[in-house]
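# A closer look at the structure
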Amino acid sequence: MAKQHFYVRLIPPRPTFASDMNADERALMQQHGVYFRGLFDQGKVLVFGPVLDPTDNFGMAVLEVADISEAQQVLEHDPTVVAGMNRFRISPMVVGAARAKEEG
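Everything in this summary refers to the structure shown in the same document. Just so you know, these numbers come straight off a predicted model, no measurement behind them.

### Some remarks on the nonpolar core
Counting residues in each nonpolar core, the largest one holds 12 residues, listed as F6, V8, F36, L39, V45, A61, L63, V65, A71, V74, L75 and I90. Looking at this core, the elements with two or more residues in it are β1 (4-11), α2 (23-41), β3 (56-65) and α3 (68-76). Each residue touching L63, except ones within four places of it in the same chain, is listed here: Q4, H5, F6, V8, F36, K44, V45, A71 and L75.

Given below as C-alpha cells:
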C-alpha cells in the first residue's frame, strides 16, 4: 500500500512560545526534537521544524505514513502532546515534488 502524506501543525500553548518558554517547557521541547528526529530516521517524517512567524510561532512537519490513523497515533505519542503542552492539527496533502536536503 502506498504511503500517504499529512501536513502537521503543532500548536504551542501561546503565540510567543518560541521566545519565552520556561525551563520545563524547553526540556519538553528537547524531548519533542529527539522524538521527531527518531521518526525522521524511521522515514515517517519528511521535514519538520519551527516556523518563526513573529506573530504566530508554531511547529510543522510533513509525515509519510500508511494512513491518518498512523499519523494521529504518531502525534499522540509526542512528549509535548502527552504532557498537555502542545496540540496538533493534521491535514492530508499531496506532495507535488520534494527535494532531499543537501549536505554540507
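### Some points on the pairing of strand β2 (residues 45-53)
Where β2 lies against β3, eight bridges are found, and the strand directions are antiparallel. Bridging across to β3, F48 finds its partner in A61.

### Observations concerning the pairing of β1
In terms of burial, β1 is largely enclosed, as six of its eight residues are buried. As paired strands, β1 and β3 are joined by seven bridges and run antiparallel to one another. Among the inter-strand pairings, F6 is bridged to a residue of β3, identified as L63. Judged from the seven bridges that link them, β1 and strand β4 (residues 87-93) form a sheet pairing that is antiparallel. In the sheet register, I11 faces β4, and the bridge partner there is R87.

### Structural notes on the environment of M60
Tracing the backbone shows M60 in strand β3. Spatially, the C-alpha atoms of M60 and V47 are 8.1 Å apart, while their sequence positions differ by 13 residues. Excluding anything up to four places from it in sequence, M60 contacts Y7, V8, V47, F48, G49 and V51.

Criteria and thresholds
- Along each chain, the written sequence defines residue order, and numbers are assigned to residues from 1.
- Where local features are concerned, this predicted model is filtered to residues with pLDDT of at least 70; where side-chain atom pairs are given and counted, the filter is 80 or more; whole-chain, interface and lining totals use all residues.
- Just so you know, side-chain values use all the structure's heavy atoms and leave hydrogens and water out.
- Take the buried Ala, Val, Leu, Ile, Met, Phe, Trp, Tyr and Cys residues and link them wherever side-chain atoms come within 4.5 Å; each set so joined is a nonpolar core.
- Exposed residues in this analysis have more than 50% of their type's maximum accessible area, buried residues have under 20%, and partly exposed residues fall in between, with area computed by a 1.4 Å probe over protein chains only.
- The secondary structure listing takes helices from DSSP runs of H or I that are at least 4 residues long and strands from runs of E that are at least 2 residues long, numbered from the N terminus.
- Contacts are residue-level and defined by heavy atoms, with any inter-residue pair within 4.5 Å sufficient.
- Any two strands are treated as partners once DSSP identifies two or more bridges connecting them.

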